[in-house]
Amino acid sequence: MDTNVKSKPTGKGIGSSLLRQEDERYLHGRGRFIGDIRMQGMLELAFLRSPLAHARINGIEKPADSAERVFTAQDLVGVSGIKADSGLPGFRSSIQPVLAATKVRHVGEPVVACLAESRARAEDLCELVSIDFDELPAVHDMTKARDADAPMVHDEWDENVFLESAVDIDFEASKAGAASVVKRTFKTARQCMAPIEGRGVVAVWDRHLEMLTIHSATQIPHIVRTGIAGCLGLDHGQVRIIAPDVGGGFGFKSQLLGEEICAGWLAMKLDRPIRWLEDRREHLSGSANCREHYYEVTGYAGADGELLAVDCEAIVDAGCYSTYPFSACLESAQVASILPGPYRLKGYRCKTWSVATNKPPILPYRGVARTGVCFAMEVLMDALARDLKITPEAIRRRNLVGPEAMPFTNITNKYFDSGDYPEALTRALDAIDIEATRAEQTNQIGDKRVGVGLSIFCEQGAHGTSVYHGWGIPMVPGFEQAGARLTPDGGLELRVGVHSHGQGLETTLAQIAYEEIGVDPAKVKLVHGDTAYTPYSTGTWGSRCIVMAGGAVGAASAALGDRIKHIAAHLLQAKAEDVTLQDGMAYAGTSSVSVEEVAKTWYLKPQLLPDDVDPRGLEVTEGYKTVQDTGTFSYACHAVKVSVDLKSGSVDLLDYVIVEDAGTMINPMIVDGQVHGGTVQGIGTALFEEMPFDQSGQPLASTLADYHLPVAGDIPPVRIFHMETPSPLSRFGQKGIGESGAIGPPGAIANAVNDALAPLGAEVGEIPLTPERVLDALAAATGEKSP
Amino acid sequence: MKAAAFDFDRADTLAEALVSETGDKPVAGNQSLGPMMNLRLVRARRLIDIATVPELRAIVETPEYVRFGAATTHAEVEDGETPDPTSGWMQAAASNIAHRAVRNRGTMGGSLAHADPAADWVIVLTGLEATVVVARPDGERRIRMADFMTGPYTTALGDNELLVAVEVPRPGPAARWGYWKFMRQVGEFAKASATVLIDPENGRHLCALGALGSPPVVLPDPLAIIERRVSAADVVPSALAGRPLQSFAMHIAALERALARALGEEEDGA
């Protein structure tokens, strides 16, 4: 399969592991984050947030003499709440208030904005405000949200459901004759995505330009601009968003915040810069929620393991509001469409409910619904295999879409563009040495049991208009543009509307430009994160940048290269079609001129140019779309060996193997980095991360002492093996890989634990796999379920 | 969250450290108090930094015990900069407290006075039969570790009292020790812990359970446990009556493994 590998171990272009150009800045502490911005006259903003999950606000008492310092919803004249309606039929609409006015719907919801010269003083001011609440019963459990006697999160609704969906494709006919029918219940915990930097905003009103500039730690500056202009009633031309260095996003920073709208309004109202920096407690208890799914899944398989049908009822706990721009329904729509995974399937039925609860709104976290879906489907596959007494690899091999079938349109109309899924499985089995572990399992004594688990999945990335329109989200991505400008010294400025906050785009996009026109990546400057300088883009999310922004940079560089060649041709007395660009030089036959000289000629010595010169110059904006907008499908097989301590319930990861295919790798080192980082987060999902809520809707892990992120000591060596099957849909054959690592671990680790516990009759189906859950599963197997 | 405003003074003498009015709080490493003040769960009118008071930094050795000044840091014990009456047991325990950054500043006395039920020194010093030395305006008093912690985050310290030292008795040459704590992650507070002390020359046998959400529990009839006349599975449920099954399982495992360590039977580095 490696015959198509385009990667080159050295060099500067596509396929080289060029060191990241942005790291010099970061490693020397020269990054500029929201927390580094200070302006003259700036006030710090703190929010008094709801201590209750569900309550009516009877009144708010401000301290005396605080008119210019303390603001409530009543003060925010002309400000609209955030509305993110899904286009799917039956959607119930919610409005997320900038400051809660009549009712609070989750702990941590902003109610009062307080300003002072320092954050500590602003928090002092918060303590002087009193809010008179009438507490209401809270909806804290998604499986009870639809009960007839459940309190209504939104008074005007008749059921706590944003959206219900159902799909049935040949289900009844296909399940007939199944030799194995296995039903399982799965649950994934509510999690908090945790970039090192939280959210943050500095809002500045310019009286002269009548322009509101908002510096925001965001992945989606252009979408934030659209959202803020709408909520504040400003023209787009009056709003500029600058995303400076951003310390990680993972989806958390792809939402419009009430806090940034509030800061913007205050900056205009008071004509002073306003800064809000989210602290970790705000972040954990009231903001960064994600991932909470519940599944009841039944698999139907033939005696040889052939997957006949899958039936699923899935609930997604969407929290209380539909957030802008991804809405409350992205996850449930994804669940229904991607549950079949990389498998052939004859019949499929899936019902989903995106339910409302008194918790913070759910946000799309790296992997979005795929992490939960892969966990549910892959653990179900192993349960079927156990029931049929065949191996996990046998049932997968029987049902994976093979390379001969590519491109393949699956049962939910997903277009698998290319790849060899069974080969990824084979390589992963070899690398983890599954037979050695099986031999070890036949002779185990003491308190420890080893197990091996697999998960295999595909990741749709860079999918476009038709897919997102089908999922109903209010912001549908279209195409992507990039600007390319040759500077008078022969350097290259690239302008993109996506944002780079860990992805290494300042390097990979420069490599693409080098591949196209030979400008040294060290002389490429990537301009991004400023709506004033960059083409409109829906931003960085959905594993789309390397395909979409990469494609656009390729197109813009090529178009710029064409202009460079025409000027070079004149200087070389050659035909433009005979000119080639390489390593900063333009060649025609045996003669050459530097690209720098071409630039100097254009900008400073136009007298040397011919009369019929193309006056559009050395600056272009070009657009890009993929061959079709169904997305690239990267895929991976994860294989993990675990040791389970039967006495303490502790799960240790002994070995971790990933075989993945990102198509053509622009920078293999950065692909590895993406996969490593995602895998660590996936291990967090599998073993550690959980934001529990009590019956009154109180979040119980509001500091990092209680919310357990994976740390270095928890992570085994992760061995990554690449396959490289180019996508036929993208400019260079590259595939989006940004989320992949975070998708596979829960399924693989749960399968490994179940493999270890199978001889004891115990099985887990709820993540994270805490010691308590493992001990519960063991106790249940011996009939001693804890109270 | 930012702490509410407070004053800060540094004490140079024990007398200054003891002068405290309502709202004053002594602080040394600030590894627990600081975060709690930032969350505004704790407020102080004034913090008195006692980290460099000479009496609290002093180490006194006698034939019977080593007296550690309360401001001895975990890192100093870890690094062997202090004498270890237990020939390495304290050093090993210290080196597994939280993270090195916490150990650099956190102090033995601060940890005990804070009295987090899952903290290492709380169980380890109970298991070693240490004694806490408390200074008050009219003198000193001694409190056995087993009596010192009265509840989660509460101790026998009175209003005008300051924990100034910990006396750890020297075990005999044939003494054995086992400490096992269960953490899911490096640096985390323990979910379950246990100690076993076998000190035949001094006639001391002690088995204790920690990380209970309440003070450590010293188990009755330790010799029966050590001699394996009763099993951990027999002893723990009665000692922890009223608690959920899971905590039995983890504390049973903790006691078994602490015992295995003390008896030198430990397998596979559990």
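These figures come from a predicted structure and were not determined experimentally. (Residues numbered from 1 in each chain as written. Chains lettered and ligands numbered in written order. Predicted model: local features only at pLDDT ≥ 70, side-chain atom pairs only at ≥ 80, totals over all residues.)

S.K.: So what exactly am I meant to see when it comes to the overall build of chain A here?
M.R.: Assigned secondary structure in chain A consists of 19 helices and 33 strands. A globule of 787 residues ought to have a C-alpha radius of gyration of about 28 Å, and chain A, at 27 Å, matches this closely. In terms of overall dimensions, chain A has a C-alpha envelope of 90 × 75 × 50 Å along the principal axes. Buried residues in chain A amount to 59% of all 787 residues. Partitioning the contacts of chain A with sequence separation of at least 6, the portion at a separation of at least 24 is 79%. (Helix = DSSP H or I, 4+ residues; strand = E, 2+ residues; numbered from the N terminus. Rg over C-alpha atoms; globule rule 2.2 N^0.38 Å. Buried ≥ 20, exposed ≤ 12 C-beta atoms within 10 Å, placed from the backbone. Contact = placed C-beta atoms within 7 Å.)

S.K.: How do you make sense of the pairing of strand β1 (residues 43-49) of chain A when you look at a structure like this?
M.R.: Strand residues, when the strand is regular, have side chains that alternate between the two faces of the sheet. All names here are of chain A. In terms of burial, β1 is a largely internal element, 6 of the 7 residues being buried. Looking at chain direction, β1 and strand β15 (residues 274-277) are connected through 2 bridges and run parallel. Bridge pairing in β15 links Leu-43 to Ile-274. Taken together, the 6 bridges between β1 and strand β7 (residues 110-116) define a ladder with antiparallel strand orientation. (Pairing = 2+ DSSP bridges.)

S.K.: Looking at this structure, how should I read the domain arrangement of chain A?
M.R.: The figure often quoted for interface size is the accessible area lost as the parts come together. All names here are of chain A. As assigned here, chain A comprises domain 1 (38-136 + 199-246 + 253-286), domain 2 (289-466 + 628-781) and domain 3 (479-624). Relative placement of domain 1 and domain 3: their C-alpha centres are 40 Å apart. Of the residues lining the interface, 13 residues belong to domain 1; the matching set on domain 3 comes to 13 residues. Elements that contribute at least two residues to the side of domain 1 that touches domain 3 include exactly α4 (221-232) and β14 (239-242). At 4 residues, α4 tops the list of elements feeding residues into the side of domain 1 that touches domain 3. Looking at the side of domain 1 that touches domain 3 residue by residue, the classes come out as 8 nonpolar, 3 polar and 2 charged. (Domains from an automatic or database assignment. Nonpolar A, V, L, I, M, F, W, Y, C, P; charged D, E, K, R; others polar.)

S.K.: So what exactly am I meant to see when it comes to the packing of helix α16 (residues 668-688) of chain A against helix α18 (residues 745-757) of chain A here?
M.R.: Residue and element names in this part refer to chain A. At a closest axis distance of 8 Å, the pairing of α16 and α18 adopts a crossing angle of 50°. In terms of their interaxial angle, α16 and α18 are classed as oblique. At the point where α16 passes α18, the crossing takes the right-handed sense. The residues of α18 that touch α16, namely those facing Thr-679, Gly-682, Ile-683, Thr-685, Ala-686 and Leu-687, are Pro-745, Pro-746, Ile-749 and Ala-750. Within the contact of α16 with α18, the residues separate by chemical class into 7 nonpolar, 3 polar and no charged. (Axes fitted to C-alpha atoms, helices over the stretch in contact; angles between N-to-C directions. Parallel < 35°, antiparallel > 145°, perpendicular 65-115°, else oblique. Left-handed = near helix turned anticlockwise from the far one by under 90°.)

S.K.: I keep staring at the domain arrangement of chain B and nothing clicks. Help me out?
M.R.: All names here are of chain B. Considered domain by domain, chain B is made up of domain 1 (7-49), domain 2 (54-169) and domain 3 (176-262). Across the boundary between the two partners, domain 1 contributes 10 residues, which contact 15 residues of domain 2. Here the element with the most residues in the side of domain 1 that touches domain 2 is helix α1 (residues 14-18); it accounts for 3 residues. Each residue belonging to the side of domain 1 that touches domain 2 can be placed in one class, and the counts come to 5 nonpolar, 5 polar and no charged.

S.K.: Help me understand the interface of chain A and chain B, please; the structure alone is not making it clear to me.
M.R.: Contacts between chain A and chain B engage 23 residues on the former and 19 residues on the latter. Contributing elements (two or more residues each) for the side of chain A that touches chain B: α2 (119-128) and α19 (771-781) of chain A. Taken together, the residues of the side of chain A that touches chain B break down into 7 nonpolar, 6 polar and 10 charged.

S.K.: Explain the confidence of the model for chain B to me, please; I cannot follow it from the model alone.
M.R.: Parts of the model with low pLDDT should not have their predicted coordinates read in detail. With 97% of its residues at a pLDDT of 70 or more, chain B has an overall mean of 94. Under the prediction, the complex receives an ipTM of 0.93, its pTM being 0.96. (pLDDT = per-residue confidence, 0-100.)

S.K.: Just to check I follow, could you spell out unusual backbone geometry for this structure?
M.R.: Comment: phi is negative for the bulk of residues other than glycine, and the bulk of peptide bonds are trans. Residue and element names in this part refer to chain A. A cis geometry characterises the amide bond from Tyr-324 onward to Pro-325, with omega recorded as 5°. Between Met-406 and the following residue, Pro-407, the backbone shows a cis peptide bond with an omega angle of -10°. With a phi angle near 50°, Glu-210 is a residue other than glycine that sits in the positive phi range. Residue classification places Glu-210 among the exposed positions, given that 12 C-beta atoms sit within 10 Å. Although it is not a glycine, Arg-291 sits at a positive phi angle of roughly 80°.

S.K.: Is there a simple way to explain helix α11 (residues 232-239) of chain B in this structure?
M.R.: One turn of the α-helix equals 3.6 residues, which is why residues spaced by three or four share an orientation. Those residues of α11(B) not exposed but buried are Ala232(B), Val235(B) and Val236(B). Seen along its axis, α11(B) keeps its buried residues to an arc of 95°; they face one direction. (Arc of directions from axis to C-beta.)

S.K.: What should I look at first to understand the packing of helix α8 (residues 370-388) of chain A against α18(A) in this one?
M.R.: In helix packing, the relevant descriptors are the interaxial angle and the interaxial distance, both defined with respect to the helix axes. Residues and elements named next belong to chain A. Packing of α8 against α18 brings their axes to within 8 Å, and their N-to-C directions diverge by 30°. Between α8 and α18, the crossing angle belongs to the class labelled roughly parallel. Note that α8 runs across α18; the crossing there is right-handed. For the pair formed by α8 and α18, the contact residues are Thr-371, Cys-374, Phe-375, Glu-378, Val-379 and Asp-382 on the first element and Pro-746, Gly-747, Ala-750, Asn-751 and Asn-754 on the second. Of the residues belonging to the contact of α8 with α18, the class tally is 5 nonpolar, 4 polar and 2 charged.

S.K.: Before we go on, may I ask you to explain the environment of His469(A) in this structure?
M.R.: Along the chain, the position of His469(A) falls in helix α12 (residues 465-471). Sequence separation between His469(A) and Val335(A) is 134 residues; the distance between their C-alpha atoms is 16 Å.

S.K.: Is there a simple way to think about α18(A) in this case?
M.R.: End to end, α18(A) covers 18 Å across 13 residues, agreeing with the expected 18 Å (1.5 Å per residue, within 8%). Within α18(A), 13 of the 13 residues are buried, leaving the element largely enclosed by the surrounding structure. (Expected span 1.5 Å × (residues − 1).)

S.K.: Hey, could you run me through the nonpolar core in this one?
M.R.: Nonpolar side chains tend toward joint burial in soluble globular proteins. One finds Leu266(A), Ala513(A), Ile564(A), Val753(A) and Leu112(B) to be the most contacted residues of the largest nonpolar core, which totals 316 residues. Those residues in contact with Val753(A), other than ones at most four positions away along the chain, are Gly451(A), Val642(A), Val644(A), Val651(A), Val764(A), Leu769(A) and Val774(A). (Core = buried A, V, L, I, M, F, W, Y, C linked by C-beta atoms within 7 Å.)

S.K.: What's the story with the sheet that holds strand β25 (residues 524-527) of chain A in this structure? I'm lost.
M.R.: In sheet architecture, strand pairing relies on hydrogen bonds along the backbone and comes in two forms, parallel and antiparallel. Residue and element names in this part refer to chain A. If you trace the 4 strands from one edge of the open sheet to the other, you get β25-β24-β23-β29, paired in mixed fashion. The sheet is open, and its two borders are formed by β25 and β29 (619-624), each paired with just one other strand. Each adjacent strand pair in this sheet contributes to an overall mean axis angle of 20°, direction not counted. In this structure, strand β23 (residues 480-486) lies alongside strand β24 (residues 492-496), joined through 5 bridges in antiparallel fashion. Across the sheet, Gly-483 pairs through a bridge with Arg-495, a residue of β24. Packed onto the sheet, helix α13 (residues 505-517) meets β24 and β25 and runs at close to 125° relative to β25.

S.K.: Where do I start with the pairing of strand β7 (residues 139-144) of chain B in this structure?
M.R.: All names here are of chain B. Little of β7 is tucked away: 0 of the 6 residues are buried. Across 6 bridges, the pairing between strand β6 (residues 131-136) and β7 is antiparallel. Across the sheet, the residue bridging to Arg-136 is Gly-139, located in β7. Where β6 hands over to β7, the hairpin turn is made up of 2 residues, counted between the paired strands.

S.K.: Looking at this structure, I do not really get the sheet that holds strand β31 (residues 651-661) of chain A. What am I missing?
M.R.: All names here are of chain A. Strand order in the open sheet made by the 4 strands is β22-β30-β31-β32, with mixed pairing throughout. In this open sheet, the two strands that pair with only one neighbour each are β22 (448-461) and β32 (718-723). Averaged over all neighbouring strand pairs, the angle between strand axes comes to 15°, with direction disregarded. Bridge analysis of β22 against strand β30 (residues 632-645) gives 14 bridges, and the strand direction is antiparallel. Residue Leu-454 lies in a different strand from β30, and its bridge partner there is Ala-639. With respect to the sheet, α16 is in contact with β31 and β32, its orientation differing from that of β32 by roughly 130°.

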